[in-house]
Amino acid sequence: MKKKILFIIDSLECNGAAKSAINLLNEINYSLFCVDLLILNEQDKFFYHQLPLNDINIIKTPEEIEMYYQPLKKSFFYYLKNFQFKPLYYRILKIILSKIKKFDMSKIQCNWMQMLSYFPNIESDYDVSIGYNEIYSSYFCAYNTSAKNKISWNHNDYNAMKRDVEIDKIFLKKINTVVCVSNDSLFNMKSNFECENINWKIIDNIISGKMIINFANSKEVDFDKSYINITTVARLVKQKGIDIAVEACKILLSHGYKIRWYVIGEGPEFENIKNLIQLYNIENNFILLGKKTNPYVYMKKSSIYVQPSRYEAFCITVEEAKALKLPVVYTKVDACEDRIKNNFNGLLADIDAKSIASKIEYIIDNPTEKKRYIDNLYKENSKNKIIEEFYNILF
């Protein structure tokens, strides 16, 4: 008899966790499992077309949850009409918190915890429910589902997120297993809950290499081959270090390298980054392409992939670049050595523009070394191990 699994994800917007969930859903053996997917926020369906729609059942998002994510005007009248003044208060608070530049994660946690009591429970008889994102889907999994086995996925550096440990101690009492995506992310999270009786697991984000290559080959883009083309795929947020990349680009140009650096993604730092590009007068060399449903066609055409992050737990775009056999320059964030073996399949740089620029220069100036990195990437394949680790936590 097939095991019944409920996957809960925050949204299908353009981010690493959503991409990771889609990759995993595309690799599951559906002769063994019956999978339902609940998408809490259906406003953004950026990755919808990549879901295995013939194999999974997407369940309708309850109206009470849907309204929390609707534009304020629509949710305002809904809550007012139903005399739900407390949810209205928390909906307005959500907007205020999202506008604060240095938001307090504990307030986000409290806000969502309050809303959970207004949301209906998912009463179906699931064997396993999986909250595939921190806070929103994981809290919903813990408090609003009745599965025998509840799993919470942690994709980020717990300490960097500055979550409220006391809130999470209560939440974790309702969870059977916590999955972290790297040794460092597990260590950072586990150090806050030494006395808690929790089943901890490390499972890397799975990469569907076949799907990535199929998308990469689905169409052609024109990059000027007279330039050395570099790509970065990331949300335009401080964490991802795109401002550092702009500085590195300026250094490379001052050293005489003919490069074009393409960044794929959107985010709240867009204007700041655009202004920095204009300040350095490098608009022709550092190009913001915006959000793309298929970034792989651009990645495939580039010579080097660069990830200039300030912190990460598991950077899925680095793994995607490796699947496309691109030499990678990655900053020395937690768990970076789990992704890139320095001077074996790429290079690790300090989290500053000079170091990143020098590593890019090394790859450009040493084509034999670049070929060696690529050759080593062809030898890697950990997908089967990851999917087996996933199956193990379901039983």
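Quick caveat, the model's predicted, so the values are computed rather than measured.

The rules behind the values
- Residue positions are given per chain, counting from 1 as you read along its sequence in written order.
- Under the rules for a predicted model, residues below a pLDDT of 70 receive no local features and side-chain atom pairs below 80 are neither given nor counted, while totals for whole chains, interfaces and linings still include all residues.
- In computing side-chain values, all of the structure's heavy atoms are included and hydrogens and water are not.
- Looking at any residue, its pLDDT shows the predictor's confidence there, from 0 to 100.
- Put simply, DSSP H or I for four residues or longer makes a helix, DSSP E for two residues or longer makes a strand, and each gets a number counted from the N terminus.
- Patch building starts from residues that exceed 30% relative accessible area and form no salt bridge, then joins like charges within 9 Å and nonpolar side chains (Val, Leu, Ile, Met, Phe, Trp, Tyr) within 5 Å.
- Computed with a 1.4 Å probe, the accessible areas rest on the Shrake-Rupley method; for each residue, only the protein chains presented here act as cover.
- Salt bridge, as used here, is a side-chain nitrogen of Lys or Arg placed within 4 Å of a carboxyl oxygen of Asp or Glu.
- Each residue is assigned to one of three classes by its accessible area relative to the maximum for its type, calculated with a 1.4 Å probe on protein chains only: buried under 20%, partly exposed between the two thresholds, exposed over 50%.
- Under the convention used throughout, the expected extent of a helix is 1.5 Å for every residue step, that is, one less than its residue count.
- Think of a polar contact as two N or O atoms within 3.5 Å of one another; within protein, one of them needs to be a possible hydrogen donor and the other a possible acceptor, and neighboring residues in sequence only count if both atoms come from side chains.
- DSSP calls a pair of strands paired once it identifies at least 2 bridges connecting them.
- Directions drawn from the helix axis to the C-beta atoms are what define this arc.
- Any two residues having at least one pair of non-hydrogen atoms within 4.5 Å are treated as being in contact.
- Axis angles are defined between N-to-C directions and span 0 to 180 degrees, where every axis is a line fitted to C-alpha atoms and, for a helix, only to the segment in contact.
- Stacked, edge-to-face and tilted are the three classes for Phe, Tyr and Trp ring pairs, Trp counted by its six-membered ring, which pair at centre distances within 6.5 Å; planes under 30 degrees apart are stacked, over 60 edge-to-face, the rest tilted.
- We call a charge positioned above a ring when the Lys NZ or Arg CZ atom is no farther than 6 Å from the ring centre and deviates by at most 35 degrees from the ring normal.

Chemist: Hey, could you run me through the confidence of the model for the protein in this one?
Modeler: Caution applies to low-pLDDT regions: their predicted coordinates should not be interpreted in detail. Considering every residue of the protein, the mean pLDDT works out to 87; 95% of them sit at 70 or more. Model confidence for the protein, summarised as mean pLDDT per element, is weakest for helix α15 (residues 336-339) at 69 and strongest for helix α11 (residues 242-254) at 97.

Chemist: Explain a nonpolar patch on the surface here, please?
Modeler: A surface patch of nonpolar side chains, about 750 Å² in accessible area, is lined by Leu72, Phe76, Phe77, Leu80, Phe83, Phe85, Ile92 and Ile96. For the nonpolar patch, the elements supplying multiple residues, two or more each, are α3 (72-81) and α4 (85-99). In terms of residue count, α3 provides more of the nonpolar patch than any other element does, 4 residues in total. Its location among the elements puts isoleucine 96 in helix α4. Of the residues examined, isoleucine 96 reaches a relative accessible area of 45% and is grouped as partly exposed.

Chemist: How should helix α16 (residues 353-365) be read in this particular structure?
Modeler: Side chains of residues three or four places apart in an α-helix project in the same direction, reflecting 3.6 residues per turn. Here α16 contains 13 residues, and its C-alpha end-to-end distance of 18 Å stays within 8% of the 18 Å for a straight helix at 1.5 Å per residue. Three or more residues of α16 are buried, namely Ala353, Ser355, Ile356, Ala357, Ile360, Glu361 and Ile363. The backbone nitrogen of lysine 354 has a side-chain oxygen 3.1 Å away, supplied by the residue at the start of α16, namely aspartate 352.

Chemist: Please clarify how the sheet that holds strand β4 (residues 128-131) should be interpreted in this entry.
Modeler: Strands pair in a sheet through their backbones, by hydrogen bonds, and they do so in one of two ways: parallel or antiparallel. Overall, parallel pairing links the 7 strands, which are arranged β3-β2-β1-β4-β5-β6-β7 in an open sheet. At either end of the open sheet lies a strand with only one pairing partner, and these are β3 (57-58) and β7 (199-202). Relative to strand β6 (residues 177-180), strand β5 (residues 149-154) runs parallel, the two sharing 4 bridges. Across the sheet, the residue bridging to tryptophan 153 is valine 179, located in β6.

Chemist: Is there a simple way to think about the environment of glycine 16 in this case?
Modeler: By the element assignment, glycine 16 lies in helix α1 (residues 16-25). Separated by 139 residues in the primary sequence, glycine 16 and histidine 155 place their C-alpha atoms 8.6 Å from one another.

Chemist: When you look at helix α10 (residues 209-216) in this model, what are you seeing that I'm missing?
Modeler: Along α10, the residues that are buried comprise Gly209, Met211, Ile212, Phe215 and Ala216. Down the axis of α10, the buried set is contained in an arc of 165°. They therefore lie on one face. Buried residues along α10 sit in contact with α1, α13 (296-300) and α14 (316-323).

Chemist: Whenever I open this one, the pattern of salt bridges confuses me. Can you help?
Modeler: Two side chains carrying opposite charge are able to pair once their charged atoms lie near each other. For the coordinates displayed, the defined rule picks out 13 salt bridges. In this structure, aspartate 243 engages arginine 310 in a salt bridge whose closest nitrogen and oxygen atoms are separated by 2.7 Å. One end of the pair, aspartate 243, is in helix α11; the other, arginine 310, is in the loop between β11 (304-307) and α14, and 67 residues separate them in sequence. In this structure, the salt-bridge partner of lysine 322 is glutamate 319, at a minimum N-O distance of 3.1 Å. One end of the pair, lysine 322, and the other, glutamate 319, are both in helix α14, 3 residues apart, so they sit about a helical turn from each other.

Chemist: Quick question: what am I supposed to make of the sheet that holds strand β8 (residues 228-233) here?
Modeler: Read across the open sheet, the 6 strands follow the order β10-β9-β8-β11-β12-β13; overall the sheet is parallel. Two strands lie at the open edges of the sheet, namely β10 (286-290) and β13 (346-349), each paired on one side alone. Direction aside, the axes of adjacent strands within the sheet are offset by 25° on average. Bridge count for β8 against β11 is 2 bridges, and the pairing is parallel. Pairing of isoleucine 230 across the sheet is with isoleucine 304, part of β11.

Chemist: Explain the packing of aromatic side chains here, please?
Modeler: Pairs of aromatic rings are described using the distance from one ring centre to the other and the angle between the two planes. Under the definition given, this model contains 21 aromatic pairs. Relative to tyrosine 298, the ring of phenylalanine 223 lies with its centre 6.3 Å away and its plane at 40°, an arrangement referred to as tilted. Highlighted residues: phenylalanine 223 in the loop between α10 and β8 and tyrosine 298 in helix α13, separated in sequence by 75 residues. As far as burial versus exposure is concerned, phenylalanine 223 and tyrosine 298 are alike and both buried. Taken together, a centroid distance of 6.0 Å and an interplanar angle of 50° make the contact between phenylalanine 390 and tyrosine 391 tilted. For phenylalanine 390, a relative accessible area of 1% translates into the label buried. By relative accessible area, which is 11% here, tyrosine 391 ends up buried. The rings of Phe7, Phe33, Tyr132, Trp153, Phe390 and Tyr391 are connected pair by pair, giving a single aromatic cluster. A cation sits over an aromatic face here: lysine 4 above tyrosine 126, 5.2 Å from the ring centre. For lysine 258, the ring lying beneath its charged end belongs to tyrosine 227, and the centroid distance is 4.7 Å.

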